[in-house]
Amino acid sequence: MNLDAIRKYCLSFPHATENLQWGDDLCFKVGGKIFTVMSLESVPQGLCFKCTPEKFTELCEHEDIRPAPYVGRYKWVFVEGLNILPDAELRDLIRQSYEMVASKAKPKPKPRKKKK
């Protein structure tokens, strides 16, 4: 997958948003919580996402995948290149990250109706 394909995929999820954070990191969020981060200026481009404890252990056995800086203890991985994993597997891992984060994100409060 490339940057545009990942961006389009991440924004296809309900209530997903994006913003630049920490300089050159493109963060995809749901309910204000990050579910995927892409490093825009690193070469090769890297990708971080949350995964299950079992998948975290499995992925970290791969040569080009490691615990993500600062959040690895929460089972986030850093993939050192967008072509490290097959596209279908990467899409599935991003979807799982979205679902895990979305399930814990607080829904935005509904606007109150003004009394007349």
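Computed from a predicted model, the values in this text were never measured in an experiment. (Residues numbered from 1 in each chain as written. Predicted model: local features only at pLDDT ≥ 70, side-chain atom pairs only at ≥ 80, totals over all residues. Heavy atoms only, no water.)

Let's talk about the packing of aromatic side chains
By the definition in use, this model includes 4 aromatic pairs. Ring plane angle 75° and centroid distance 5.0 Å describe the contact between Tyr9 and Phe13, whose orientation is recorded as edge-to-face. Here Tyr9 and Phe13 have matching classes, each one buried. Between Phe13 and Tyr98 the ring centres are 4.4 Å apart and the planes differ by 10°, which places this aromatic pair in the stacked class. Of this pair, Phe13 sits in the loop between helix H1 (3-11) and strand S1 (16-21) while Tyr98 sits in helix H3 (residues 87-104); the two residues are 85 residues apart in sequence, bridging distant segments of the chain. Among the aromatic residues, those joined into a cluster by ring pairs are Tyr9, Phe13, Phe35 and Tyr98. (Phe/Tyr/Trp six-rings, centres within 6.5 Å; stacked < 30°, edge-to-face > 60°. Buried < 20%, exposed > 50% of the residue type's maximum accessible area, 1.4 Å probe, protein only. Helix = DSSP H or I, 4+ residues; strand = E, 2+ residues; numbered from the N terminus.)

Structural notes on the environment of Lys29
Locating Lys29 in the fold gives a position in strand S2 (residues 25-30). Measuring from C-alpha to C-alpha, the distance between Lys29 and Tyr98 comes to 8.2 Å, with 69 residues separating the pair along the chain. Non-local contacts of Lys29, meaning those with residues more than four positions away in its chain, are made with His15, Ala16, Thr17, Asn19, Gln21, Ile34 and Phe35. (Contact = heavy atoms within 4.5 Å.)

Some words on H1
Every buried residue of H1 is accounted for by Ile6, Tyr9 and Cys10. For H1, the angular spread of buried residues about the axis comes to 95°, placing them on one side. The outward face of H1, more than 90 degrees from its buried face, is lined by the exposed residues Asp4 and Lys8. Residues of H1 that are buried sit in contact with S1, S2, strand S3 (33-39), strand S4 (47-50) and H3. N-cap assignment for H1: the residue whose side-chain oxygen lies 3.1 Å from the backbone N of Asp4 is Asn2. (Arc of directions from axis to C-beta. Polar contact = N/O pair within 3.5 Å; in protein donor to acceptor, adjacent residues only side chain to side chain.)

As far as function goes, none of this settles anything; it's purely spatial.
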